[in-house]
Amino acid sequence: MRAPVVVHGLSPSGGRLVAINGQIVDVAHRDQDLVEFLRRAGLYDAWDILDDPH
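None of these values were measured; they are calculated from a predicted model.

Rules of the game
Residues numbered from 1 in each chain as written. Predicted model: local features only at pLDDT ≥ 70, side-chain atom pairs only at ≥ 80, totals over all residues. Heavy atoms only, no water. Core = buried A, V, L, I, M, F, W, Y, C linked by side-chain atoms within 4.5 Å. Buried < 20%, exposed > 50% of the residue type's maximum accessible area, 1.4 Å probe, protein only. Helix = DSSP H or I, 4+ residues; strand = E, 2+ residues; numbered from the N terminus. Contact = heavy atoms within 4.5 Å. Pairing = 2+ DSSP bridges. Salt bridge = Lys/Arg side-chain N within 4 Å of Asp/Glu carboxyl O.

Caption draft 1: Quick look at the nonpolar core. Of all hydrophobic cores here, the largest spans eight residues; its members are Val18, Ile20, Ala28, Leu34, Val35, Phe37, Leu38 and Ala46. Here this core takes four residues from helix α1 (residues 31-40), the largest share from any one element. In contact with valine 35, not counting residues within four places along its chain, are Ala46, Trp47 and Leu50.

Caption draft 2: Layout of the pairing of strand β1 (residues 5-10). Here β1 pairs with strand β2 (residues 16-20) via four bridges, running antiparallel. Following the sheet pairing, leucine 10 is matched in β2 by arginine 16. The loop that links β1 with its antiparallel partner β2 comprises five residues; one of these, glycine 14, has a positive phi angle of about 100°.

Caption draft 3: Summary view of unusual backbone geometry. In this model, asparagine 21 sits at a positive phi of 55°, which is unusual for a non-glycine residue. Along the polypeptide, asparagine 21 turns up in the loop between β2 and β3 (23-28).

Caption draft 4: Spatial organisation of the pattern of salt bridges. Taken as a whole and judged by the stated rule, the model has three salt bridges. Between aspartate 33 and arginine 30 there is a salt bridge, with the nearest N and O atoms lying 3.5 Å from each other. For glutamate 36, the salt bridge is made with arginine 40, and the minimal N-O distance between the two is 3.1 Å. Of the two residues, glutamate 36 and arginine 40 are both situated in helix α1; the distance of four residues between them amounts to about one turn of the helix. Look at glutamate 36 and you get partly exposed, because its relative accessible area is 25%. Salt bridges here are not isolated pairs; linked through shared partners, they connect Glu36, Arg39 and Arg40.

See below:
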């Protein structure tokens, strides 16, 4: 089973690709970017789950 949210390694531009349910959604340059992508995907408690390794 693949993880529903994957934050990929650092890219040459300095950001990290973010995939949600197998689809690349954007590049996160900071935690706030990732939280916004997750909020748009319906995860409104993103700050609470940001450090969850699962």
